[in-house]
Amino acid sequence: MQITYTSGEQIEVYRFSIPVTIGVPLLALFLQAFIPLRFPNFAVYVDLPLLVTIFFAMARRNPISGLLTGSVIGLAQDMLGHGAIGIYGIAKTVVGYGASSLGVKLDVENAGARFLVTLGFYLIHSAVYFTVARGMVNMTQTWSWLHGILAGLVNAVLGTALYFLLDKFKQRT
Amino acid sequence: MESVFGRYKNLIWLVIVLFVQVLGLAMQVKRGNDQEHTRLIRIWVVGAITPFERGLVWLENSGGDIWHNYFYLRGVRAENRQLKEQIEQMRLEQVRLSEDAAQARRLQNLLAFKEQYIDKTVAAQVIGTSGTDSNRVIYIDKGENSGIKRDMAVITSDGVVGKVSLVFASESQILLINDQTSGVGVLLGDERTQGVLSGTANGRVVLNDVMSDNQVPVGEKLLTSGGDRIFPKGLPVGTVAKVGRGKDLFLNIEIKPAADLSRLEEVLVLTEKQERQAVADDSGRNMRAADILAARLPSVPDKPAEANAAAAAAPKTAGAPTQPAGTNATSNTHAPNAATNVAPPSTQTPKTSATNTSAKPQTTTAKPGNSQPKPAKSAASDQAPTQSPTPNPPSNQSQAAAPNTNNPN
């Protein structure tokens, strides 16, 4: 018997319609690329595709689905840049897998849990990105704990609000 | 065996997906990140995202145009007056620069000097970014269909922005100069020290390869050297913001880019540049050296605005010649020495004629021998410190500053 820390109701797996499955990540990518034109620091502190990855992974509670979602969103994000393709892909695959695995074990429906999960996964995402970019692609990267925690907090606050908005698109299986 | 796969199914999937991506990444690294190989999948994503960006930028611009052109017209009259004054000043400045350029061309011709000229530019609207702070790229709404090719230089009227890194049918990706993979050959304005400009991981712009025995003052201007064969020589790049001692024998120089890279809206892509020998202006060949010198000597300063107004109001009583129609009194108001100089009425004659000459600089070829624009020229040179930081001829400048004339769309 599998031991979980969630109630029977909270363990419920959700699914999403096809327009939401495609449209929400696309919208996140679009906003992530467009908003920095008007607010240059947006891209420094906010990662909307990451928030969407975490949300879908936690809601579906299926690690394979989570890692594939993360992988696709991450690769798409890589393609908007000019560098090697796969750095964001790898980082978001790990996050997607981790978030969906955590969704099975923990109650991730309340605001506090969502805040902490997003903060934690932002740091994991940054660490994986830093390792791959520096170790494999030989990109010059600088690690700053201050920036990491600050950006993590910003994403956590934004993510917590965004998840409640995206909850409207959930469909019970 | 089956139970092992069943038990670790999720983990196996994770390993497989990660392995495939790591393999793909390794292949790209080995190929030297040749973007031609990854072109197709980039086209899909860019094709899916940029139409929305293009649409939103269009909506934003249309809304802004309606607001600014039809509703919000507060201060437009004053701004218009101010701009007219600025145009007057710039025309005077242009006359002076035309003379300098003509002389430079004569000298270049003597030395059989070849120079790169900007022949054609395409104006483009910035529609998006990469969305990450590790890739400093922007997207513009012009691509292969507008004649844009890879490695073309991208500038604004302020200075260098970057180069075209990827071209799609109707969009292009621009690699900004503050990206860590970019590189621009530059030289320091006065010292003429050469170096390579590049970006850092956190988006700063630094100048590399300058030895520590060089004197690099803060505030020194940087121009493109032309050595990278992407940017023509003489385009403004930025100014030295901070100088420190770096690794080994090199200086650590931080640069403030001339163009505001974080708030780009419209850019110019240099689609054509030509290398040709400078053509001397024969019109000044028979000119005497004394005339050239006379044209450069400081002249009698301008009359103050009040005196001009009084002279214009009562021309008969003063006995001084009136200003001809079309001479804008406001240009006198803002003359550099207007507050300090009191000029006799007789000095009005050359000044007004100079103003007339300067009113149509495109048609009036700047001839050093022409003594008419003398007083105004000196006024302009005093008033407006050299605004063109590039050694390129003004024809290049005006070409770059007027993108629409060359815009094929």
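Quick summary incoming for the structure in this document. In this text the structure is predicted, and so the values were computed from the model without any measurement.

1. Brief notes about the pattern of salt bridges
Step number 1: Per the counting criterion, the structure on display carries 15 salt bridges over all chains.
Step number 2: The partner of Glu171 of chain B in a salt bridge is Arg54 of chain B, with the nearest N and O atoms 3.1 Å apart. With Glu171 of chain B in the loop between strand S4 (160-167) and strand S5 (172-176) and Arg54 of chain B in helix H3 (residues 39-71), this pair connects stretches of sequence that are 117 residues apart.
Step number 3: The class of Glu171 of chain B is buried, set by a relative accessible area of 9%.
Step number 4: Residue class for Arg54 of chain B comes out partly exposed when judged on its relative accessible area of 28%.
Step number 5: Across the pair Glu254 of chain B and Arg204 of chain B runs a salt bridge, and its minimum N-O distance is 3.0 Å. One end of the pair, Glu254 of chain B, is in strand S11 (residues 251-257); the other, Arg204 of chain B, is in the loop between strand S7 (194-199) and strand S8 (205-208), and 50 residues separate them in sequence.
Step number 6: Residue class for Arg204 of chain B comes out partly exposed when judged on its relative accessible area of 35%.
Step number 7: A network of salt bridges, in which partner residues are shared, links Arg61, Glu109, Arg114, Asp167 and Lys170 of chain A.

2. Some remarks on the interface of chain A and chain B
Step number 1: Counting residues at the interface gives 44 residues for chain A, matched by 48 residues for chain B.
Step number 2: Summing both partners gives a buried area of about 4,100 Å² for chain A against chain B, and 66% of it is carried by carbon and sulfur.
Step number 3: The largest share of the area that chain A buries against chain B comes from Leu37, Leu80 and His82 of chain A, three residues that together contribute 19% of it.
Step number 4: Linking chain A with chain B are one salt bridge, by the criterion used here.
Step number 5: Residue Glu60 of chain B pairs with Arg38 of chain A through a salt bridge whose shortest N-O separation is 2.3 Å.
Step number 6: On the surface where chain A and chain B come into contact, there are 19 residue pairs in polar contact (both at pLDDT 80 or more).
Step number 7: Breaking the side of chain A that touches chain B down by element, the ones donating at least two residues are helix H1 (18-38), helix H2 (42-45), helix H4 (63-80), helix H5 (87-105) and helix H6 (111-135) of chain A.
Step number 8: Counting residues per element, the side of chain A that touches chain B draws most heavily on H4 of chain A, which supplies 11 residues.
Step number 9: Partitioned by chemical class, the residues of the side of chain A that touches chain B number 30 nonpolar, 12 polar and two charged.

3. Here's the deal with the nonpolar core
Step number 1: One finds Leu197 and Leu222 of chain B to be the most contacted residues of the largest nonpolar core, which totals 59 residues.
Step number 2: With sequence-adjacent residues up to four places away left out, Leu197 of chain B is seen in contact with Ile177, Ser182, Gly183, Val184, Val186, Val205, Val206, Leu207, Leu222, Val237 and Ile255 of chain B.
Step number 3: The next biggest cluster of nonpolar side chains, apart from the first, holds 27 residues, and it includes Ala59, Ala99, Val117 and Leu166 of chain A.

Reading guide: rules and limits
- Residues numbered from 1 in each chain as written.
- Chains lettered and ligands numbered in written order.
- Predicted model: local features only at pLDDT ≥ 70, side-chain atom pairs only at ≥ 80, totals over all residues.
- Heavy atoms only, no water.
- Salt bridge = Lys/Arg side-chain N within 4 Å of Asp/Glu carboxyl O.
- Helix = DSSP H or I, 4+ residues; strand = E, 2+ residues; numbered from the N terminus.
- Buried < 20%, exposed > 50% of the residue type's maximum accessible area, 1.4 Å probe, protein only.
- Contact = heavy atoms within 4.5 Å.
- Buried area = accessible area lost by both parts, 1.4 Å probe.
- Polar contact = N/O pair within 3.5 Å; in protein donor to acceptor, adjacent residues only side chain to side chain.
- Nonpolar A, V, L, I, M, F, W, Y, C, P; charged D, E, K, R; others polar.
- Core = buried A, V, L, I, M, F, W, Y, C linked by side-chain atoms within 4.5 Å.

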